[in-house]
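Topology and contacts: notes
If you want the building blocks of each chain, they are given just below.
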Amino acid sequence: MKKKTMTIHDLAELAGVSVATVSRSLNGSSLVREKTKQRILDLAADMRFEINASAKGLATSKVDTIGVILPSEYDKFGPQQYYASLMDDLRDSLERSNYDLIVSFANNRITNKSNILRLVDRHKVDGLIILRENIDQSVLDWLEKENVPYVFSHHPPKSDGFIYDAIFTDHVWGGKLAGEHLAALGCRKILCISLDVKTRQFEQRESGFCKSLTDKGIDFGAENILRCPWTIEDGYKVIKENASQFLQADGLFSVTDLLAFGAMQALKELKIRIPQDISVIGYDDIPLSSSLRPKLTTIHQPREKIAQQTCLRLIEKIQKKEPVLGKFNLAIRPRLVIRES
């Protein structure tokens, strides 16, 4: 039978019941007698009925769709390598729980109006996953006031304490792992290449790395950190522009894998052997890390666990399952992946 376009009202009329009864039956409610529920489900199957999300929202206040708010840098090549993998993990977790997802940026780039408010006002989503640390405070206040379920994921929000629900990587721990690894290899003349923009996650990576070295009596300070933009080319340039320092160094920590890729190419051109002359460690463990030569030793961000815990917490809030009271912060520790560099 050819699929028929119909509304929940049409199905209710065919079944001889109310719209509310149809809605409850389609959502497996225990408030409808099993015999009636099964009759409605059978009728919906016979008619190849697919409930419209907007109509469903009007009847049940749920549309089984999650909004994912992307970071502003998502469309840049560097960040996209990590976020694409995280999005795959989020999608997998949501689809396992029968949720669809809508992706959007925080604001419309033409009007600068809030896409978050638009998605919620138009009943497009049941909740939000926020993949950025900066959200307008007035928007957050509105979400709290309206009891809209949302969770910060990957990025801890710019606030201390349990003010917002957040699932994120413990980047201080990740930096610590990187420092301890280089120290264990016997490296003592260590440099770091980091970003020239201040964001919390990269500051945390640096601080964990610096502390781990100083705790082991290795001289390391701000003068050992070289800064540049995010791309592979920038990682290449910063090495070439500071070649004399790297000719003396025996260890390098790059706060992103992409910077490490560019750095390793420049080091090869300077005839500095990896890992014989200098050991290199990156951060993120994007798929390319295990494909290039030498394969990059790096810090693996726990994307899978972040996605699973984010979705679990958000669905708890949407379905009002226990425990939902209070705010929930979870910092998940990354792990060291030793390869060839």
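Located above this text is the structure these notes cover.
A brief look at the structure comes next.

Cut-offs and rules
Residues numbered from 1 in each chain as written. Predicted model: local features only at pLDDT ≥ 70, side-chain atom pairs only at ≥ 80, totals over all residues. Heavy atoms only, no water. Axes fitted to C-alpha atoms, helices over the stretch in contact; angles between N-to-C directions. Helix = DSSP H or I, 4+ residues; strand = E, 2+ residues; numbered from the N terminus. Parallel < 35°, antiparallel > 145°, perpendicular 65-115°, else oblique. Left-handed = near helix turned anticlockwise from the far one by under 90°. Contact = heavy atoms within 4.5 Å. Pairing = 2+ DSSP bridges. Buried < 20%, exposed > 50% of the residue type's maximum accessible area, 1.4 Å probe, protein only. Polar contact = N/O pair within 3.5 Å; in protein donor to acceptor, adjacent residues only side chain to side chain. Arc of directions from axis to C-beta. Right-handed = clockwise from strand over helix to strand, strands pointing away.

Quick word on the packing of helix α8 (residues 171-184) against helix α9 (residues 200-215)
Packed helices, taken two at a time, are described by their axes: the angle between them and the distance between them. Contact geometry of α8 with α9 gives a least axis separation of 6 Å together with a crossing angle of 40 degrees. Taken together, the axes of α8 and α9 lie oblique to each other. For the pair α8 and α9, the sense of crossing is right-handed. On α9, the residues touching His-171, Val-172, Gly-175, Lys-176, Ala-178, Gly-179, Glu-180 and Leu-182 of α8 are Gln-201, Gln-204, Arg-205, Ser-207, Gly-208, Phe-209, Ser-212 and Leu-213.

Looking at the sheet that holds strand β1 (residues 65-70)
With respect to topology, 6 strands assemble into an open sheet ordered β2-β1-β3-β4-β5-β11, the strand pairing being parallel. Only two strands of the sheet have a single partner each, and these edge strands are β2 (100-105) and β11 (329-332). Adjacent strand axes in the sheet meet at a mean angle of 20 degrees, parallel and antiparallel pairs treated alike. With 4 bridges joining them, β1 and strand β3 (residues 127-130) adopt parallel strand pairing.

Some remarks on the side chain of Arg-132
Turning to its location among the elements, Arg-132 is positioned in the loop between β3 and α7 (137-145). Among the residues examined, Arg-132 registers a relative accessible area of 18% and is labelled buried. A distance of 2.6 Å separates the side chain of Arg-132 from the backbone oxygen of Asn-134, its partner in a polar contact. The residues touching Arg-132, leaving out its near neighbours within four places in the chain, are Ile-69, Leu-70, Pro-71, Ser-72, Ala-106, Phe-152 and His-155.

Looking at the side chain of Ser-93
Tracing the backbone shows Ser-93 in helix α5 (residues 77-96). Given a relative accessible area of 11%, Ser-93 falls into the buried group. For Ser-93, the residues in contact, after removing those within four places along its chain, are Ala-307, Gln-308 and Cys-311.

What to know about helix α10 (residues 232-241)
Three or more residues of α10 are buried, namely Asp-234, Gly-235, Val-238 and Ile-239. For α10, the angular spread of the buried residues around the axis is 135 degrees, confining them to a single face. Packing partners of the buried residues in α10 comprise β6 (190-195), β7 (225-228), α11 (243-248), β8 (251-254) and α12 (257-269).

So, the pairing of β7
Looking along a regular strand, one sees the side chains alternate between the two faces of the sheet. Where β6 and β7 come together, 4 bridges link them in parallel fashion. Bridge pairing in β7 places Ile-193 opposite Leu-226. As for the winding sense of the linkage, the β-α-β connection from β6 through α9 to β7 is right-handed.

Comments concerning the environment of Phe-105
Secondary-structure assignment places Phe-105 in strand β2. Overall, the relative accessible area of 19% leaves Phe-105 in the buried class. For Phe-105 and Val-68, which are 37 residues apart along the polypeptide, the C-alpha to C-alpha distance reads 8.2 Å. With residues up to four places along the chain from it excluded, the contact list for Phe-105 reads Ile-69, Leu-70, Pro-71, Ser-72, Tyr-74 and Asn-115.

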